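# Breakdown of the fold
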Amino acid sequence: YACPQTMTFAHHVLGRWELEVAQVPGAVKTIGKLIGVPILDSASLAAAENHFRAAVSMAPDRLIHRTLLAKCLVARANREKGAQHPDADARRAEARELLAIALQLPVDDVNAHYERKDAERMLKQRSLIQ
């Protein structure tokens, strides 16, 4: 049995891994497969979103979880934009809401400090979330 804080941290770490690896360029993933690193293909933005949603639900007062969920939603919307996916606009709208809420939350560690700056930047550069 893991304590809720440990589970929140686990979802956060898994979400970050999924988010970062899912955004590795296709050519790098292909090279990874050729040299025996197929794990690069297993990450997905959908899995990252699920982990960040779990982290937000477990610790709604943590700025970092909301900001990373917003980044994930923007990444998914941007990936879907070319196909004019019906959920892309809803994802961007949710990202804006998450960022606005995140900016109201306390900065509780150095990582949150940097995520807060990212949240401010994303809201100022509306092209990132529109």
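Source: prediction; values computed, not measured.

## Remarks on helix H5 (residues 88-102)
Quick reminder: α-helices carry 3.6 residues per turn. Residues three or four places apart thus point the same way. Counted at 1.5 Å a residue, the expected span for H5 with its 15 residues is 21 Å, and the 21 Å between its end C-alpha atoms agrees. All of the buried residues in H5 are Ala-88, Arg-91, Arg-92, Ala-95, Leu-98, Leu-99 and Ala-102. Seen from one end, H5 has its buried residues packed into an arc of 120°, which puts them on one side. Opposite its buried face, H5 presents the exposed residues Asp-89 and Glu-97, each directed more than 90 degrees away.

## Considering the confidence of the model for the protein chain
Scored by pLDDT, the protein chain comes out at a mean of 87, with 91% of its residues at no less than 70. By mean pLDDT, the top-scoring element of the protein chain is helix H3 (residues 45-58) (95), and the lowest-scoring one is helix H2 (residues 26-34) (81).

## Comments concerning the nonpolar core
By size, the foremost hydrophobic cluster in this structure holds 23 residues, and its most contacted members are Leu-19, Phe-52 and Leu-69. Secondary-structure elements contributing two or more residues to this core are helix H1 (4-22), H3, helix H4 (63-81), H5 and helix H6 (110-124). The leading source of residues in this core is H4, at 8 residues. Not counting residues within four places of it along the chain, the set of residues in contact with Phe-52 comprises His-12, Gly-15, Arg-16, Leu-19, His-65, Leu-68, Leu-69 and Cys-72.

## Topic: the environment of Asp-108
Position of Asp-108 among the secondary structure elements: in the loop between H5 and H6. Between the alpha carbons of Asp-108 and Asp-61 there is a distance of 9.9 Å; along the sequence they are 47 residues apart. Among the polar contacts listed, one links the side chain of Asp-108 to the side chain of Arg-62, at a separation of 2.7 Å.

Calculation criteria
Residues numbered from 1 in each chain as written. Predicted model: local features only at pLDDT ≥ 70, side-chain atom pairs only at ≥ 80, totals over all residues. Heavy atoms only, no water. Helix = DSSP H or I, 4+ residues; strand = E, 2+ residues; numbered from the N terminus. Expected span 1.5 Å × (residues − 1). Buried < 20%, exposed > 50% of the residue type's maximum accessible area, 1.4 Å probe, protein only. Arc of directions from axis to C-beta. pLDDT = per-residue confidence, 0-100. Core = buried A, V, L, I, M, F, W, Y, C linked by side-chain atoms within 4.5 Å. Contact = heavy atoms within 4.5 Å. Polar contact = N/O pair within 3.5 Å; in protein donor to acceptor, adjacent residues only side chain to side chain.

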